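Structural features, examined
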Amino acid sequence: MRTIQNVQAMRAWSREARKEGARIALVPTMGGLHAGHLSLVEIARRHADRVVASVFVNPTQFDRDDDFAGYPRDLARDQRLLAEAGIDVVFAPKPAAVYPEGAVTFVDVEDLSVLLCGAHRPGHFRGVATVVTKLFTIIEPDVGVFGEKDYQQLAIIRRLVRDLCLAVEIVGAPIVREADGLAMSSRNTHLDTPGRAAAVCLSRALLAAETLVADGEHDGATIEAAARAAIEAEPLAKLEYASLVDAEALVPVTTMIDRGVLALAVWVGKTRLIDNQMLVAKAASAERRSA
Ligand code: AMP
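Just so you know, these numbers come straight off a predicted model, no measurement behind them.

Within this structure, the stated rule accounts for 18 salt bridges. In this structure, the salt-bridge partner of Arg50 is Glu20, at a minimum N-O distance of 3.2 Å. One end of the pair, Arg50, is in strand β3 (residues 50-55); the other, Glu20, is in the loop between α1 (7-19) and β2 (24-29), and 30 residues separate them in sequence. Residue Arg50 is classed as partly exposed on the basis of its relative accessible area of 23%. Accessibility expressed as a relative area gives 52% for Glu20, which makes it exposed. Of the charged contacts in the structure, one is a salt bridge between Asp78 and Arg77, with a shortest N-O distance of 3.9 Å.

This is the structure:
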């Protein structure tokens, strides 16, 4: 496994691999790796001959300085995990390599970027869309693998690829969870013991909503209220939003006809956690079974 920090060297490696006829997959990460990231690597290996993982804590997607400063950084550990996972290249550039002095060019996926998390984290998705476009431009992968854990991010990347006519296939990867249901996240390491116990309320809220939908509930507000109640029952948790939205457009779903995504953002102390679940309406899931 090679670690490359330089943009030109990364591009040269990719072009050489492509000349040899290899299909390249990219797994973008910010490091602080866990089993969720490694599941993306596994999926990437199924879609390509060579896998590149980027490890880059992207400054432009942080809306709070303390979050950026305190973000877990341990490249040696990440390199070890990625080597064990059978990666070909770790691309770990310095910020100055990705953002040349005075860079003023950004990618903005309008509409989708101001909803859900975008409404609470100004500029976040502009930073994400910009860095992912740069990674696609530098590495020129055939496939990009992104987790459904960041559902809105995945929807934005799909849109970006479509809108900019990029030749990258986007593959979504299911959420990997801890045994108690908490979605794995690099930020979970910030939780203290009571906070870690409290954080289970997110998956509990999603399960409450899912149960309600399985029982035949279609009303968006009722479904959201069930999730909200599960968060509010946890004294250490503070709800930012619980929204049932359309799976592509991410706009609110008032009556669930077929399916919808329930998306949550919750603060546990100073740590902001997100999670989501695709919900399938009872009639729609029964129809699917009989088809
Ligand atoms: P991050 O390092 O947090 O920027 O995440 C890098 C990639 O890993 C993104 O595509 C995330 O959606 C994905 N990811 C993070 N946590 C999980 C998880 N628990 N399950 C699946 N994918 C994840």
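Now that the structure has been shown, the text picks up again.
Turning our eyes to something else, we now look at the environment of Asn58. Tracing the backbone shows Asn58 in the loop between β3 and α3 (65-70). With a relative accessible area of 1%, Asn58 lands in the buried category. Distance in space between the C-alpha atoms of Asn58 and Leu202 is 26 Å, their sequence separation being 144 residues. Sequence-distant contacts of Asn58, that is, excluding residues within four places in its chain, are made with Met30, Phe68, Tyr99, Gly127, Val128 and Val131. A distance of 2.7 Å separates polar atoms of two side chains, one belonging to Asn58 and the other to Tyr99.

Strands sit in the order β7-β8-β9 across an open sheet of three strands; the sheet is antiparallel. Each edge of the open sheet is held by one strand with a lone partner, namely β7 (237-245) and β9 (271-280). Between one strand and the next, the sheet's axes are offset by a mean angle of 15 degrees, whatever the strand orientation. Both strand β8 (residues 259-268) and β9 contribute to a ladder of 10 bridges, which runs antiparallel.

Looking now at empty space enclosed by the protein. Counted under the stated rule, the structure contains two cavities of 30 Å³ or more. Reported here for the largest cavity is a volume of approximately 910 Å³. In this structure, the largest cavity is lined by 50 residues; those nearest its centre are Met30, Lys149, Asp150, Gln153 and Ile274. Sorting the residues of the lining of the largest cavity by element identifies β2, α2 (35-47), α6 (116-120), α7 (124-139), β5 (143-147), α8 (151-163), β8 and β9 as the ones contributing at least two each. Of the residues forming the lining of the largest cavity, the biggest block, six residues, is contributed by α7. Looking at the lining of the largest cavity residue by residue, the class counts come to 27 nonpolar, 14 polar and nine charged. Each of domain 1 (2-173) and domain 2 (186-290) accounts for three or more of the residues forming the lining of the largest cavity. As for the second largest cavity, its lining consists of Lys149, Leu182, Ala183, Ser185, Asn188, Leu202, Leu273, Ile274 and Asp275.

Another aspect to go through is the packing of α1 against α7. Two quantities define a packed helix pair, namely the angle between the helix axes and the distance between the axes. The geometry of α1 relative to α7 is characterised by a closest axis approach of 8 Å and an angle of 55 degrees between their N-to-C directions. By the angle between their axes, α1 is oblique relative to α7. Here Val7, Met10, Arg11 and Ser14 of α1 come into contact with α7, specifically with Thr137, Ile138 and Ile139. For the contact of α1 with α7, the class distribution of residues is four nonpolar, two polar and one charged.

Before going further, it helps to examine α8. A rise of 1.5 Å per residue sets the reference length of α8, with its 13 residues, at 18 Å; its end C-alpha atoms lie 18 Å apart and thus fit the reference within 8%. Those residues of α8 lying buried are Tyr151, Gln152, Gln153, Leu154, Ala155, Ile156, Ile157, Leu160 and Val161. Buried residues belonging to α8 abut α6, α7, β5, β6 (169-173), β8 and β9.

With that settled, consider the domain arrangement of the protein. By convention, interface size is frequently given as the accessible area that disappears when the constituent parts associate. Here the domain parsing of the protein yields domain 1 (2-173) and domain 2 (186-290). The gap between the C-alpha centroids of domain 1 and domain 2 is 26 Å. With 22 residues of domain 1 in contact, the opposing surface of domain 2 contributes 20 residues. Counting each side, the surface lost to burial between domain 1 and domain 2 is near 1,700 Å², with a carbon and sulfur contribution of 58%. Viewed at the interface, domain 2 and domain 1 are joined by one salt bridge. For the side of domain 1 that touches domain 2, the secondary-structure elements that each account for two or more residues are α3, α6 and α8. Here the residues of the side of domain 1 that touches domain 2 sort into nine nonpolar, seven polar and six charged.

Definitions and cut-offs
- For every chain, the first residue of its written sequence is number 1, and the numbers climb from 1 along that sequence.
- The predicted origin of the model limits local features to residues at a pLDDT of at least 70 and limits the giving and counting of side-chain atom pairs to 80 or more, whereas totals for whole chains, interfaces and linings rest on all residues.
- Hydrogens and waters are ignored; side-chain quantities use all the structure's heavy atoms.
- By definition, a salt bridge exists where a carboxyl oxygen of Asp or Glu is found within 4 Å of a side-chain nitrogen of Lys or Arg.
- The way it works is that DSSP assigns letters per residue, a run of H or I at least four long becomes a helix, a run of E at least two long becomes a strand, and they are numbered from the N terminus.
- Think of it in three bands: residues with accessible area under 20% of the maximum for their type are buried, residues over 50% are exposed, and the middle band is partly exposed, with areas taken using a 1.4 Å probe on protein chains only.
- Here, two residues are considered to be in contact whenever any of their heavy atoms come within 4.5 Å of each other.
- Contacts described as polar in this section are N or O atom pairs within 3.5 Å, which, within protein, must combine one atom able to donate a hydrogen with one able to accept it, while residues neighboring in sequence count only if both atoms come from side chains.
- At least two bridges found by DSSP between two strands are what make those strands a pair.
- An axis is simply a line fitted to the C-alpha atoms; with a helix, the fit covers only the stretch in contact. Between two such axes, the angle follows the N-to-C directions and lies from 0 to 180 degrees.
- Only protein atoms enter the 1 Å grid used here. Points where a 1.4 Å probe fits but cannot escape make up a cavity, open sets with protein on both sides within 12 Å along at least five of seven lines make up a pocket, and a residue lines them when an atom lies within 4 Å of a point.
- Grid points are joined across faces, edges and corners, and a volume is the space filled by probe spheres set on the points.
- Gly is put with the polar residues, along with every residue not named as nonpolar or charged; the nonpolar set is Ala, Val, Leu, Ile, Met, Phe, Trp, Tyr, Cys and Pro, and the charged set is Asp, Glu, Lys and Arg.
- Each domain's extent is set by a domain assignment, obtained either automatically or from a database.
- Roughly parallel means an angle under 35 degrees; roughly antiparallel, over 145; roughly perpendicular, 65 to 115; everything else is oblique.
- By this rule the span expected of a helix is its residue count minus one, scaled by 1.5 Å.
- A quick way to say it: buried area is the sum, across both parts, of accessible area lost when two parts are put together, with a 1.4 Å probe.

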